[in-house]
Amino acid sequence: MRRILVAGLLTASSCMFAQKLAWQSNAQPKTTQQVQFLLPEQVTVPARRPSTIEMHFRVNNGLHINSHTPQEKSLIPTQLMVEEPAGLKIEAVDFPPGTDYSPAFSPSDKLSVYTGEFVLRAHVVAQAGEHLLQGTLRYQACDANSCYPPKKAPVAVNVVGK
Amino acid sequence: MVTGTSRKIVVTMKRNHAVLLVLVVALVLMVWAGITNYRHRKAEEARMHEMQAMLVPAAPASNAQATDEDERSPLEGKPAPAFVLEDLNGKKVSLASYKGKAVMVNFMATWCAPCKVETPWLIQLRQQYAPQGFEILGISTDDLDKDDKKKNAEDKAEIAKYAVNMHIDYPVLIDGDSISKQYGGVDALPTSFFVDRTGKIVAATVGLHDRDELEADIKKALAGQGA
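Residues numbered from 1 in each chain as written. Chains lettered and ligands numbered in written order. Predicted model: local features only at pLDDT ≥ 70, side-chain atom pairs only at ≥ 80, totals over all residues.

### Side note on the overall build of chain B
(1) Moving on: Looking only at helices and strands, one finds six helices and seven strands in chain B.
(2) Moving on: Each helix and strand of chain B, ordered N terminal to C terminal, gives the series α-α-β-β-β-α-β-α-β-α-β-β-α.
(3) Moving on: In chain B, which comprises 227 residues, the share counted as buried stands at 33%.
(4) Moving on: For chain B, long-range pairs separated by at least 24 residues make up 75% of all intrachain contacts whose partners lie at least 6 apart in sequence. (Helix = DSSP H or I, 4+ residues; strand = E, 2+ residues; numbered from the N terminus. Buried ≥ 20, exposed ≤ 12 C-beta atoms within 10 Å, placed from the backbone. Contact = placed C-beta atoms within 7 Å.)

### Things to note about the sheet that holds strand E4 (residues 134–140) of chain B
Residue and element names in this part refer to chain B.
(1) Moving on: As summarised here, the arrangement of the five strands in space is E5-E4-E3-E6-E7, forming an open sheet in which the pairing is mixed. Taken across any chain shown, the strands that pair with only one partner, and hence form the sheet edges, are strand E5 (172–173) and strand E7 (201–206).
(2) Moving on: In this structure, strand E3 (residues 102–108) lies alongside strand E6 (residues 191–195), joined through five bridges in antiparallel fashion. Directly across from asparagine 106, in E6, lies its bridge partner serine 192.
(3) Moving on: Docked against the sheet, helix H3 (residues 113–129) engages E3 and E4, running at close to 155° with respect to E4. (Pairing = 2+ DSSP bridges. Axes fitted to C-alpha atoms, helices over the stretch in contact; angles between N-to-C directions.)

### Considerations on the packing of H3 of chain B against helix H6 (residues 211–223) of chain B
Residues and elements named next belong to chain B.
(1) Moving on: Look at H3 against H6: their axes get within 11 Å of each other, and the N-to-C directions meet at 35°. Regarding H3 and H6, the two cross each other, and that crossing is right-handed. Across the interface between the two elements, Trp121, Leu125 and Tyr129 from H3 touch Arg211, Leu214, Glu215, Ile218 and Leu222 from H6. (Left-handed = near helix turned anticlockwise from the far one by under 90°.)

### Remarks on the environment of aspartate 196 of chain B
Residues and elements named next belong to chain B.
(1) Moving on: Structurally, the position occupied by aspartate 196 is in the loop between E6 and E7.
(2) Moving on: Judged by local crowding, aspartate 196 falls into the buried class, with 21 C-beta atoms found within 10 Å.
(3) Moving on: Each C-alpha atom of the pair aspartate 196 and methionine 30 lies 49 Å from the other, and the pair is 166 residues apart in sequence.

### With respect to the sheet that holds strand E8 (residues 88–94) of chain A
Residues and elements named next belong to chain A.
(1) Moving on: Pairing is antiparallel across the open sheet formed by four strands, whose spatial order is E3-E5-E11-E8. Edge positions in the open sheet fall to strand E3 (35–39) and E8, since each of these has one partner strand only. Within this sheet the neighbouring strands show an average axis-to-axis angle of 35°, counted without direction.
(2) Moving on: Alignment of E3 against strand E5 (residues 50–59), held across four bridges, turns out to be antiparallel. Considered in E5, the bridge of glutamine 36 is made with arginine 58.

### Structural notes on the pairing of E5 of chain A
(1) Moving on: The sheet contact formed by E5 of chain A and strand E11 (residues 117–126) of chain A spans nine bridges and is antiparallel. Looking at E11 of chain A, one finds that serine 51 of chain A is bridged to valine 124 of chain A.

### Let's talk about the nonpolar core
Inside soluble globular proteins, nonpolar side chains tend to come together where they are buried.
All names here are of chain B.
(1) Moving on: Judged by nonpolar contacts, the single largest core of 79 residues is most densely connected at Phe194 and Val195.
(2) Moving on: The element that contributes the greatest number of residues to this core is E3, accounting for six residues.
(3) Moving on: Among all residues touching phenylalanine 194, those that are not within four sequence positions of it are Met104, Ile201, Val202, Ala203, Ala204, Asp217, Ile218, Lys220 and Ala221. (Core = buried A, V, L, I, M, F, W, Y, C linked by C-beta atoms within 7 Å.)

### A word on H3 of chain B
Residues and elements named next belong to chain B.
(1) Moving on: Given a rise of 1.5 Å per residue, 17 residues ought to cover 24 Å, and the 25 Å separating the end C-alpha atoms of H3 matches this to within 8%.
(2) Moving on: Taken together, the buried positions of H3 are occupied by Ala113, Pro114, Cys115, Lys116, Val117, Glu118, Thr119, Leu122 and Leu125.
(3) Moving on: In this structure, the buried side of H3 is in contact with E3, E4 and H6. (Expected span 1.5 Å × (residues − 1).)

### Considerations on the environment of glutamine 127 of chain A
Residues and elements named next belong to chain A.
(1) Moving on: Position of glutamine 127 among the secondary structure elements: in the loop between E11 and strand E12 (129–139).
(2) Moving on: For glutamine 127 and proline 46, which are 81 residues apart along the polypeptide, the C-alpha to C-alpha distance reads 8.5 Å.
(3) Moving on: Setting aside its immediate chain neighbours within four residues, glutamine 127 contacts Ala47, Arg48, Gly87 and Gly161.

### Description of unusual backbone geometry
(1) Moving on: With an omega of 5°, the peptide bond running from leucine 39 of chain A to proline 40 of chain A counts as cis.
(2) Moving on: Inspection of the secondary structure puts proline 40 of chain A in the loop between E3 and strand E4 (42–45).
(3) Moving on: The linkage connecting leucine 189 of chain B with the following residue, proline 190 of chain B, adopts the cis geometry, with an omega of 0°.
(4) Moving on: Inspection of the secondary structure assignment puts proline 190 of chain B in the loop between helix H5 (177–180) and E6.
(5) Moving on: Positive phi values are uncommon outside glycine, yet arginine 48 of chain A reaches one of about 60°.
(6) Moving on: As for its position among the elements, arginine 48 of chain A is in the loop between E4 and E5.
(7) Moving on: We classify arginine 48 of chain A as exposed; it has 11 C-beta atoms within 10 Å.

### What about helix H4 (residues 149–165) of chain B?
Residues that lie three or four places apart on an α-helix share one face, since the helix turns once every 3.6 residues.
(1) Moving on: Taking 1.5 Å per residue as the helical rise, H4 of chain B with its 17 residues ought to reach 24 Å, and the 24 Å between its terminal C-alpha atoms agrees with that figure.
(2) Moving on: Looking at the buried side of H4 of chain B, the elements it contacts are E4 and E5 of chain B.

### Things to note about the confidence of the model for chain A
(1) Moving on: Of all residues in chain A, 81% attain a pLDDT of 70 or more, and the chain-wide mean is 83.
(2) Moving on: Below pLDDT 50 for its whole length, residues 1–29 of chain A participates in 116 contacts with residues either more than four positions away or in separate chains. (pLDDT = per-residue confidence, 0-100.)

As structure tokens, then:
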């Protein structure tokens, strides 16, 4: 399998809920994902013909992640890293443009972020049969007052070429 | 008919008028610049004040069930976990070497936008309270490549560049992740621990807090009143 760094960047968005301290009982453990891969679990595409797979993700409420193209070099972009299985060629992955976001703590700044649900479009060519497309979405999230270390959300799609 | 003498007088008068005009214009420009600068400073002060006012209080207002006990770090009242980390010049720095001083242990990262907001406040507060025995240790949690020397050097250079750009004049220590577990698992940034002169943690904050709150915690650390 060929390891591919496809692209992307996640940004952080704002949360209007009050600050939670790390040691408080209901604070999220360090391993909790701030972004989830929603769907598809399985997709059928025409064999040996260019197709597009839409991968849906959701950023937790009150958070934002940097887009694939953040405004500042120091910010960590959202990236998708996938294993390209035999029989499935990934030509490219399109990331949506980020939306402008000015944090309350720095209203003059404009960040390029994803919030809520966003969709990546993978352009693939699949041979006949089943192929497991696996990878991770690397992102870095923030809320209204804090930023969290970069994390990786697992992604898995069963691609059926017919 | 204009004679040679009267032409000289006319030229001199014209020159005097020109000099006078230049002086008047320069004076007007200076007054205008002064007024503009004053207005800009006032606007900036108002903006900074507004930004502080927008910050949420330390206590989560939306969580009615949260108690004071919930909001306090379990480390408060306990000795600050000891550590030795490298600074940006490769020099080993230990927390123990600051015993007798009040220290703010400030976990941050170059990619953390709220950290950039509080940094100028920290610089000012350090200048203000350093004569009373106050110091800040910036603890960078930026990833450092430990397998690739070249990449490791690049990672360190990025942190150093950030410190220069932000005009940080207090020590910035690297590889903060190696001590975050001792400090209760630092996840959200910025996170700060306020250590009194005896080495005891007297306050802790997670996330961006307003300048007044940080100053109150610094005073608490200087007073050495352990929780």
